[in-house]
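Secondary and tertiary structure notes
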Amino acid sequence: MRRTSASLVAGSLVAALAWASSPSSPAVALEPSAGVADLTQDINQILADSRLTIARAGVVVKSAANGEELYSTDAGKLMTPASNTKLFTSAAAAETLGLDYRFPTTVLNTGRKAGSVLTGDLVLRGTGDPTMLAEDYDALAAKVAEAGVKVVTGKLVADDTWFDSVRLGSDWAWDDETAYYAAQISALTASPDKDYDAGSVIVSVAASGDKVKVTTTPETDYLKIVNKATVGSETDVLIERQHSTNTVVITGTVADPYQEWVAVDDPTRYVSSLFRKALAKHGVTVLGPTVTGAAPSGASELAKHESMPLSELLVPFLKLSNNMHAEILTKAMGRKVANQGTWAAGLKVSTDFAKANGVQVLNMRDGSGLSRRDGFSPGSIAQLLTAVRGKPWFKTWYDALPIAGNADRFVGGTLRSRMRGTPAANNVHAKTGSLTGVTSLSGYVTSAEGEPLAFSIMLNQYLSGSPKDIEDKIAVRLAQFSRSAAVNAPTQLREAPASTSSDLECSWLKPAEC
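Residues numbered from 1 in each chain as written. Predicted model: local features only at pLDDT ≥ 70, side-chain atom pairs only at ≥ 80, totals over all residues. Heavy atoms only, no water.

1. Side note on the environment of Tyr-444
If you trace the backbone, Tyr-444 turns up in strand β23 (residues 438–446). Along the chain, Tyr-444 and Ala-475 lie 31 residues apart, while their C-alpha atoms are 8.9 Å from each other. Polar side-chain contacts of Tyr-444 include one of 2.6 Å to the backbone oxygen of Leu-385. (Helix = DSSP H or I, 4+ residues; strand = E, 2+ residues; numbered from the N terminus. Polar contact = N/O pair within 3.5 Å; in protein donor to acceptor, adjacent residues only side chain to side chain.)

Here's what the structure looks like:
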């Protein structure tokens with residue numbers, strides 16, 4: 001049985017601190033406890049949904065201004081958070097790395113330059129930049145050529161030692177190994193697009209006469225393409241990389257153009273192939289083979305690229321729920337604090353940060369929430385949300401969260417098709433979370449009286465029919481909340497129901513479908 005409690009207020013209260021986008025309005029002095037009691041009744045009714053009969057549901061609502069608990073059910077129960085884990089990772093990264101943090105990628109040389117000949121090795125050293133595109137590696141190669149280098153007598157060395165060599169999370173599902181949203185983590189990686197899906201390549205198919213044409217973005221021969229697809233009257237095609245290989249097998253029929261994001265095996269080798277080809281394109285020949293290893297301490301810098309600052313990276317990271325950004329930032333935190341670019345070191349930074357901010361119940365196994373062994377309580381999430389409001393980086397972080405009902409993909413993010421046309425639209429700033437049988441929504445909403453609220457909704461172990469609409473109903477009801485009066489109007493959900501056919505984050509569906 002669910003245990004439900006709510007704090008009843010002794011008098012009317014309007015929070016002095018509200019979000020800049022939500023001006024306060026004066027409260028009407030009616031029955032002091034009517035609004036909170038009404039909120040409790042309505043959330044209980046929403047949670048009585050038959051889909052949750054055999055499921056687990058934890059919900060906490062607090063005043064973000066003073067921490068007062070307004071609603072709580074199973075606040076202390078450990079539950080699977082899915083991508084709500086990113087709230088902890090992103091907040092810890094903002095605190096530990098700082099909003100000005102950038103990922104440098106450098107080209108070094110280990111020998112002497114005599115004319116246009118470099119006698120020694122050329123080293124490409126990465127620190128995990130998830131925003132590196134093929135064109136950025138091309139620009140680095142161009143800088144090497146501009147330095148007057150035409151021949152490198154030694155090897156091309158790929159230095160990915162900023163992070164350890166563990167590529168995949170220990171609890172990640174085997175059948176996700178080829179999926180771009182579970183791509184391998186390396187200090188040298190590349191993205192095919194400006195969603196910055198690090199460690200993946202876009203494979204595209206299109207009918208060309210009576211044959212199926214296959215292309216990749218970026219153009220690369222690192223993947224071995226086995227094209228068994230045929231031209232047909234409809235597009236019903238499967239593009240799939242075989243486990244632990246770089247062989248992509250394409251089967252089915254193609255009528256209209258279609259593309260799939262595919263994770264590569266060994267991002268370091270993939271990046272090395274991109275860079276070597278870029279060097280050749282700019283007239284630089286490397287005589288030796290490509291190897292991996294650490295750059296010697298005396299190596300000299302030839303070229304450098306720096307990523308956008310963390311303040312900007314937070315937008316694609318949180319808006320689009322990018323798993324790779326979470327894991328890269330986790331290892332980057334470990335490297336900064338403990339000089340170890342490992343999951344263990346980075347996760348300790350995140351958990352230490354959470355505990356320092358009053359979080360009691362948490363079990364972090366990765367930075368993204370892909371692991372089903374991640375565990376948080378809704379009370380812990382609400383505590384984090386309340387605690388970080390005083391941080392100097394809070395506004396940038398808050399603005400980077402998905403915003404309900406805003407159709408702009410880099411504003412609304414994973415909430416862009418939800419709660420449109422309701423009091424929650426352009427109001428709720430919250431992180432979504434989705435795995436099979438798991439959904440969560442945690443963040444902030446401004447009440448009808450201008451009071452900032454923090455909330456966490458965690459629904460686990462449901463069997464059929466995604467209950468994201470339950471999250472939406474609660475969020476909309478919070479946007480309607482008034483401390484001094486009951487809400488008599490029925491809760492409006494949205495203009496049109498969002499698709500609930502998938503258990504993945506909507507931004508993980510490529511191309512984006514919501």
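2. Quick notes on the pattern of salt bridges
If the charged atoms of two oppositely charged side chains come close together, the side chains can form a pair. Inspection of the entire model under this criterion finds 24 salt bridges. Here Glu-95 ties to Lys-391 by a salt bridge, and the two come within 3.6 Å at their closest N and O atoms. Of this pair, Glu-95 sits in helix α2 (residues 85–96) while Lys-391 sits in the loop between α8 (378–387) and α9 (394–400), and the two are 296 residues apart along the sequence. Across the salt bridge formed by Arg-373 and Asp-171, the nearest N and O atoms sit 3.6 Å from each other. Here Arg-373, found in the loop between β20 (362–363) and β21 (375–376), pairs with Asp-171, found in the loop between β9 (156–159) and β10 (200–208); they are 202 residues apart in sequence, far enough to count as distant. By relative accessible area, Arg-373 is classed as partly exposed at 49%. Each of the salt bridges in this network shares a partner with another, and the network as a whole consists of Asp-160, Arg-167, Asp-266 and Arg-269. (Salt bridge = Lys/Arg side-chain N within 4 Å of Asp/Glu carboxyl O. Buried < 20%, exposed > 50% of the residue type's maximum accessible area, 1.4 Å probe, protein only.)

3. Overview of the packing of α2 against helix α7 (residues 343–356)
Taken N-terminus to C-terminus, the directions of α2 and α7 make an angle of 90°; their axes are 9 Å apart at the nearest point. When the axis of α2 is compared with that of α7, the two are roughly perpendicular. For the pair α2 and α7, the contacting residues are Phe-88, Thr-89, Ala-91, Ala-92, Glu-95 and Thr-96 in the first and Val-349, Ser-350, Phe-353 and Ala-354 in the second. Here the residues of the contact of α2 with α7 sort into six nonpolar, three polar and one charged. (Axes fitted to C-alpha atoms, helices over the stretch in contact; angles between N-to-C directions. Parallel < 35°, antiparallel > 145°, perpendicular 65-115°, else oblique. Contact = heavy atoms within 4.5 Å. Nonpolar A, V, L, I, M, F, W, Y, C, P; charged D, E, K, R; others polar.)

4. Looking at the packing of aromatic side chains
With the rule as written, the count across this model stands at 12 aromatic pairs. Taken together, a centroid distance of 4.2 Å and an interplanar angle of 20° make the contact between Phe-88 and Phe-376 stacked. In this pair, Phe-88 sits in helix α2 while Phe-376 sits in strand β21, placing the two residues 288 residues apart along the sequence. Of the two residues examined, Phe-88 and Phe-376, each falls in the buried class. Seen from their ring centres, Tyr-180 and Tyr-181 are 5.8 Å apart, and the 80° between their planes marks the pair as edge-to-face. Tyr-181 sits in the buried class, given a relative accessible area of 15%. An aromatic cluster of three or more residues is present, and its members are Phe-353, Trp-393, Phe-394, Trp-397, Tyr-398 and Tyr-444. Geometry around Trp-343 places Lys-331 over its ring, the cationic atom sitting 4.1 Å from the centre. Positioned above the aromatic ring of Trp-162, the side-chain terminus of Arg-335 is 4.0 Å from the ring centre. (Phe/Tyr/Trp six-rings, centres within 6.5 Å; stacked < 30°, edge-to-face > 60°. Lys NZ or Arg CZ within 6 Å of the ring centre and 35° of its normal.)

5. Looking at the side chain of Lys-431
Mapped onto the elements, Lys-431 comes out in strand β22 (residues 429–435). A relative accessible area of 0% places Lys-431 in the buried class. In terms of polar contacts, Lys-431 uses its side chain to reach the side chain of Thr-432, at 3.4 Å.

6. Observations concerning the sheet that holds β10
Spatial strand order, β11-β10-β16: three strands in an open sheet with antiparallel pairing. Taken across any chain shown, the strands that pair with only one partner, and hence form the sheet edges, are β11 (211–217) and β16 (258–263). Ignoring strand direction, the axes of neighbouring strands in this sheet form an average angle of 25°. Pairing analysis gives seven bridges linking β10 to β11, with the strands arranged antiparallel. (Pairing = 2+ DSSP bridges.)

7. A word on the nonpolar core
Counting 62 residues, the largest nonpolar core has Phe-88, Trp-397 and Tyr-444 as its most contacted members. The set of elements that each furnish at least two residues to this core consists of α2, β16, α5 (310–319), α6 (323–338), α7, α8, α9 and β24 (452–460). Trp-397 has contacts with Leu-87, Ser-90, Ala-91, Leu-314, Leu-318, Leu-385, Val-388 and Tyr-444, leaving out every residue within four places of it along the chain. Tyr-137, Val-149, Val-271 and Val-286 belong to the second-largest nonpolar core, a separate cluster that totals 38 residues. (Core = buried A, V, L, I, M, F, W, Y, C linked by side-chain atoms within 4.5 Å.)

8. A few points about the pairing of strand β4 (residues 104–109)
Of all six residues in β4, five are buried; the element is thus mostly enclosed. Summarising the sheet, β4 and strand β19 (residues 300–306) pair through six bridges and their orientation is antiparallel. Pairing of Leu-108 across the sheet is with Glu-301, part of β19. One ladder, built from four bridges, connects β4 with strand β7 (residues 122–125); its direction is antiparallel. Paired with Leu-108 across the strands is Val-123, a residue of β7.

Nothing here speaks to function; it is geometry throughout.
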